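One letter stands for each residue in the lines below.
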Amino acid sequence: MHWIEALYRTYENQKSWIGKIEQKTVEVKKKKSNEVDDEKGKNPLSPLLPLFHSLQQAHVTIVINKDGQFVGAFVNRPDDSSTIIPVTEDSESRSSDIASHPLCDKLKYVAQDSVDFFQKDDKLEKRHKSYLKLLDSWKEQDSDNSMLQAIWIYVKKGTLIRDLVREGILFCDKENHLLKVWNKKNQGPKPPIFNVLKQGKETQEDVFVRWQVEGIDDCPQAYLNKKMYESWKNYRFSHDSKRGLCYITGEECLISTKFPRGIRSAGDKAKLISSNDDKGYTYRGRFKEAEESYGLGAVVSQKAHSALRWLLARQGYADGTQSILVWSPGFLQVPSPCDSSYDWSENGVDEEQPEDTAQQIADLFKKLIQGANRDQVWHDLDEALKEQMVYLLALDSASQGQGRLSVTRYMEFRLVDYLDNLRFWYDHCKWEQWKKREQWEQWKEAIQYLGSPSPKMIVEAAYGESVDKKLCRFTVNRILPCVLFRTPIPSDIEHKCVKRASKKQSFKHTKEWEMTLGVTCSIYIYNHQQQERPYTMSLDTQRTERSYLYGRLWAIADELESYAQFLTKADRPTNATRLMTRFQMRPYETWMIMESRCLPPYQRIVRKKRSGVSHDYDQLIDEVMGLFDRSDFESNKPLDGSYLLGYHCQRSAIKKRKEEASTSQESSTEE
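Since we're looking at a predicted model, the values are computed, not measured.

Scoring rules and cut-offs
Think of each chain on its own: its residues are numbered from 1, step by step along the sequence as written. Where totals are concerned, whole chains, interfaces and linings use all residues; where local detail is concerned, this predicted model gives features only for residues with pLDDT of at least 70, and gives and counts side-chain atom pairs only at 80 or more. Heavy atoms from the whole structure form the basis of all side-chain values; hydrogens and water molecules are not counted. In this analysis, a patch consists of residues with relative accessible area above 30% that form no salt bridge, clustered at 9 Å for like charges and at 5 Å for the nonpolar side chains Val, Leu, Ile, Met, Phe, Trp and Tyr. Note on areas: these come from Shrake-Rupley sampling with a 1.4 Å probe, and a residue is covered only by the protein chains present in the view. Salt bridge criterion: a side-chain nitrogen from Lys or Arg within 4 Å of a carboxyl oxygen from Asp or Glu. Asp and Glu are treated as the negative residues and Lys and Arg as the positive ones, with His and the ends of the chain left uncounted. To locate a charge, the coordinates of NZ of Lys, CZ of Arg, CG of Asp or CD of Glu are taken. Note on conventions: DSSP H or I runs of at least 4 residues are helices, E runs of at least 2 residues are strands, and numbering of each starts at the N terminus. pLDDT expresses how confident the predictor is about each individual residue, on a scale running from 0 to 100. Residue contacts are counted whenever heavy atoms from the two residues lie within 4.5 Å of one another. Only protein chains enter the area calculation, which uses a 1.4 Å probe; residues under 20% of their type maximum are buried, those over 50% are exposed, and those in between are partly exposed. Two strands qualify as a pair provided DSSP detects at least 2 bridges between them. Between the N-to-C directions of two axes lies an angle of 0 to 180 degrees, each axis being a line fitted to C-alpha atoms and, for a helix, fitted only over the stretch in contact. Pairs of N or O atoms within 3.5 Å make up the polar contacts considered here, provided that, within protein, one atom can donate a hydrogen while the other can accept it, and that residues adjacent in sequence are counted only when both atoms are side-chain atoms. Paired rings are identified among Phe, Tyr and Trp, the last through its six-membered ring, by centres lying within 6.5 Å, and are further divided according to the angle between planes into stacked (under 30 degrees), edge-to-face (over 60) and tilted (the rest). By convention a nonpolar core is built from buried Ala, Val, Leu, Ile, Met, Phe, Trp, Tyr and Cys residues, the set being connected through side-chain atoms within 4.5 Å.

**Digging into a positive patch on the surface**
Point 1. A cluster of like positive charges, contributed by Lys569, Lys608, Lys609 and Arg610, occupies part of the molecular surface.
Point 2. With respect to the element layout, Lys609 can be found in helix α24 (residues 587-609).

Shown next, in the form of structure tokens:
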């Protein structure tokens, strides 16, 4: 199935979402602490749009009555500024050309008196005439639309800006022109209108207005009124006449000649489909007309682009210019390969799905994660869900918000195959992970969980948090097929992770290093899992591989030094931390230095203050040394990633023993 067809079918399946502006809840950090504010922040998301409509951020709502008389106006709150507006093909893709929206638009189009309040602009009259011509035409076709009639009557009066100035919404200078900027020193507190305009990019001349008509309909907001949606759709069908063959439906229908922008965000100017180069070689030499190269119906185009914009806003993964979307047309949300397993459990399934469908998907994935037989799960699945597909679409552009959007990856899966592949990824790289809270961008409140990492976590483990954005996007794209097709993580990424995890002393935050260590262990067991003796998170005291044993030795030395520093109340990096990079490259030589020079002072401290604990550490070292083959021990070749497995497991075992001893001591004291 073509990706446009998949999006088109999604729109058809999810019509109940049309016009609903969802609010995404986000955590708000207090200014002087890392605590989460009790009040959650709200970010409006792009809705599933009606046909021939677009989304704009409106600054001001104008309220009139059914007779077209001005009642009042107010500045819209940032979380209530998203506005669904009717558009033409020209206005939806306009840049510098004069192309008016038919109902809601900027003052330079809507206000007849803009010539009195704006700086000199030769195009003001032309803009307003184009707006009025389109509104007249729409009003004449739908003469029974009382809301449209009231707006037309008010616009014809030509007093819009005067009314807004009198109402205290807009402000003028001494020459009666709209102020460009607000001077706090000379003019007092900043009015609301200057808080919603983008500083340095927008002035009062760029104010976008929308309409509210009182006393006519149960829904006075023109931008939320379904009757207005339907009225404009009928107008477009009766006035757009270019017809041809739609390559998606295979039917003769109204054909699109221009295509929407604003796909990844409201300010995104990049388009997926474009044919404005009629003098170059975009299509000339192969096709006579641009439409012959794609032939996309207007309805299909509108629905596919609207579904894509909506899905990216509500569940897409975005990283700079790259956007990745995973969805199913039938029930929308599925676990994404761009997320960690913590995100899968945290996000769950879409609460707005039908209860039975949501529960089936949740139960299905839970069973697969827990190791249930795939064939049995497939057999028990509802027949309707067996036919469902999952799609992955990756988009990117050469620059942010400009140029052309490219489809860099498109994949199709059966539902159970897709979930089974995610189950395989989870099973084969499950390890103890640390994850930073994305909203706060701080490690202090990092989350610890047992599961699989996200592709971005792998990138940061390999290249650091300050990784180049292009490199990050490129590497995420390399990792995605590994998650979805059970292929090994590229060896260069694995080696980068091992090298960086070995530089513990270079990390500013301990939890960032813990994240790198956990991710590296996940990658190593995913790439090198052994069938006869699989790696586990619990310490394997019978494993005799050279790297694994050396990792155990280093963990014992590190914990011994840390314990000695705890007893003496010292606070400095251990020798094991400072020498870790050298140890990975030349283990035998470095261990000899550690054993002969670095450890003895700390061993004496522990022996003097905690003789029993000192004995335990000495015994552990002897046990590990006894498992070495002599030639392996004396070899100085670099260690592979399994030394980090040994290090992590041995360290966890020592900490667990300390906790058990502490609990036992507390119990005996209480008795």
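Here the narrative resumes, following the displayed structure.
**Details of the confidence of the model for the protein chain**
Point 1. Per-residue pLDDT for the protein chain has a mean of 86; in total, 89% of the residues score no lower than 70.
Point 2. Considering each helix and strand of the protein chain separately, the mean pLDDT is smallest for strand β2 (residues 41-44), with a value of 58, and largest for helix α19 (residues 491-501), with 97.
Point 3. Every residue in residues 28-41 scores below 50 in pLDDT, and together they form 27 contacts with partners more than four places removed in sequence or on other chains.
Point 4. Confidence drops under pLDDT 50 across residues 348-355; counting only partners more than four residues distant or on other chains, this segment forms 14 contacts.

**Comments concerning the pairing of strand β12 (residues 322-327)**
Point 1. Counting buried positions along β12 gives 6 out of 6 residues, so the element sits mostly inside the fold.
Point 2. Of the two faces of β12, both are covered, the one formed by Gln322, Ile324 and Val326 as well as the one formed by Ser323, Leu325 and Trp327.
Point 3. In this structure, strand β11 (residues 317-319) lies alongside β12, joined through 3 bridges in antiparallel fashion. When the bridges of β12 are listed, Ala318 appears paired with Ser323.
Point 4. Between β11 and the antiparallel strand that follows it, β12, lie 2 residues; Gly320 among them carries a positive phi value of about 70 degrees.
Point 5. As judged from the 5 bridges shared by β12 and strand β13 (residues 389-399), these two strands associate in the antiparallel manner. Bridged to Trp327 within β13 is Tyr391.

**A word on the sheet that holds strand β5 (residues 70-75)**
Point 1. Pairing within the open sheet is mixed, and its 4 strands lie in the order β5-β4-β8-β7. Here the strands that pair on one side only, and so sit at the sheet edges, are β5 and β7 (105-106).
Point 2. Of the strands in this sheet, β4 (60-65), β5 and β8 (208-214) are in contact with helix α6 (residues 146-157), which crosses β8 at around 125 degrees.

**A closer look at the sheet that holds β13**
Point 1. Read across the sheet, 4 strands follow the order β11-β12-β13-β14 without closing on themselves; strand pairing throughout is antiparallel. Only two strands of the sheet have a single partner each, and these edge strands are β11 and β14 (402-414). Going from strand to strand, the sheet's axes swing by 15 degrees on average, the running direction of each strand aside.

**Overview of the side chain of Glu514**
Point 1. Tracing the sequence through the fold places Glu514 in helix α20 (residues 510-528).
Point 2. A polar side-chain atom of Glu514 sits 2.9 Å from a polar atom in the side chain of Arg651.
Point 3. Sequence-distant contacts of Glu514, defined by excluding residues within four places in its chain, comprise Trp434 and Arg651.

**Observations concerning the packing of aromatic side chains**
Point 1. Inspection of the entire model under this criterion finds 26 aromatic pairs.
Point 2. Between Tyr391 and Tyr410, the ring centres sit 6.3 Å apart and the planes meet at 5 degrees, which makes this aromatic pair stacked. With Tyr391 in strand β13 and Tyr410 in strand β14, this pair connects stretches of sequence that are 19 residues apart.
Point 3. Pairing Trp513 with Tyr647 gives two aromatic rings, centres 6.1 Å apart and planes at 85 degrees, and the pair type is edge-to-face. Of this pair, Trp513 sits in helix α20 while Tyr647 sits in helix α27 (residues 642-670); the two residues are 134 residues apart in sequence, bridging distant segments of the chain.
Point 4. Judged by its relative accessible area of 1%, Trp513 is buried.
Point 5. The structure contains a cluster of three or more aromatic residues connected by ring pairs, namely Tyr550, Trp554, Phe583, Tyr588, Trp591, Phe628, Phe633 and Tyr643.

**Considering unusual backbone geometry**
Point 1. Here the phi dihedral of Asn176 falls at roughly 65 degrees; this positive angle occurs in a residue that is not glycine.
Point 2. Asn176 sits in the partly exposed class, given a relative accessible area of 40%.
Point 3. Positioned with a positive phi, Lys569 is a non-glycine residue whose angle comes to about 60 degrees.
Point 4. Mapping Lys569 onto the fold places it in the loop between α21 (546-568) and α22 (575-578).
Point 5. In this structure Lys569 comes out as exposed when scored by relative accessible area, which is 78%.

**Regarding the environment of Tyr8**
Point 1. Inspection of the secondary structure assignment puts Tyr8 in helix α1 (residues 3-13).
Point 2. Considering only alpha carbons, one finds Tyr8 and Ile248, 240 residues apart in sequence, at a separation of 9.2 Å.
Point 3. In contact with Tyr8, other than residues within four places in its own chain, are Thr249, Val300, Lys303 and Ala304.

**Observations regarding the pairing of strand β15 (residues 431-437)**
Point 1. A large share of β15 lies buried, amounting to 6 of its 7 residues.
Point 2. By the bridge criterion, 6 bridges tie β15 to strand β16 (residues 442-451) in an arrangement that is antiparallel. Directly across from Glu432, in β16, lies its bridge partner Leu450.

**Some points on the pattern of salt bridges**
Point 1. For the coordinates displayed, the defined rule picks out 31 salt bridges.
Point 2. A salt bridge links Asp79 to Arg77, with the shortest nitrogen-to-oxygen separation between them at 3.0 Å.
Point 3. With a closest N to O distance of 2.9 Å, Arg478 and Asp492 form a salt bridge. Of this pair, Arg478 sits in helix α18 (residues 469-485) while Asp492 sits in helix α19, and the two are 14 residues apart along the sequence.
Point 4. Salt bridges here are not isolated pairs; linked through shared partners, they connect Asp420, Arg423, Asp427 and Arg486.

**Quick notes on the nonpolar core**
Point 1. Ranked by internal contacts, the top residues of the largest apolar core, which has 52 residues, are Ile62, Leu103, Leu107, Leu160 and Trp211.
Point 2. With sequence-adjacent residues up to four places away left out, Leu160 is seen in contact with Ile62, Leu107, Val110, Ala111, Asp113, Tyr154 and Trp211.
Point 3. Core analysis: the second largest hydrophobic core is formed by 49 residues, Leu385, Leu392, Cys429 and Ala446 among them.

**Regarding the side chain of His177**
Point 1. Mapping His177 onto the fold places it in the loop between α7 (160-166) and α8 (184-187).
Point 2. Residues contacting His177, with those up to four places away along its chain left out, are Asp116, Phe117, Phe118, Gln119, Phe171 and Cys172.

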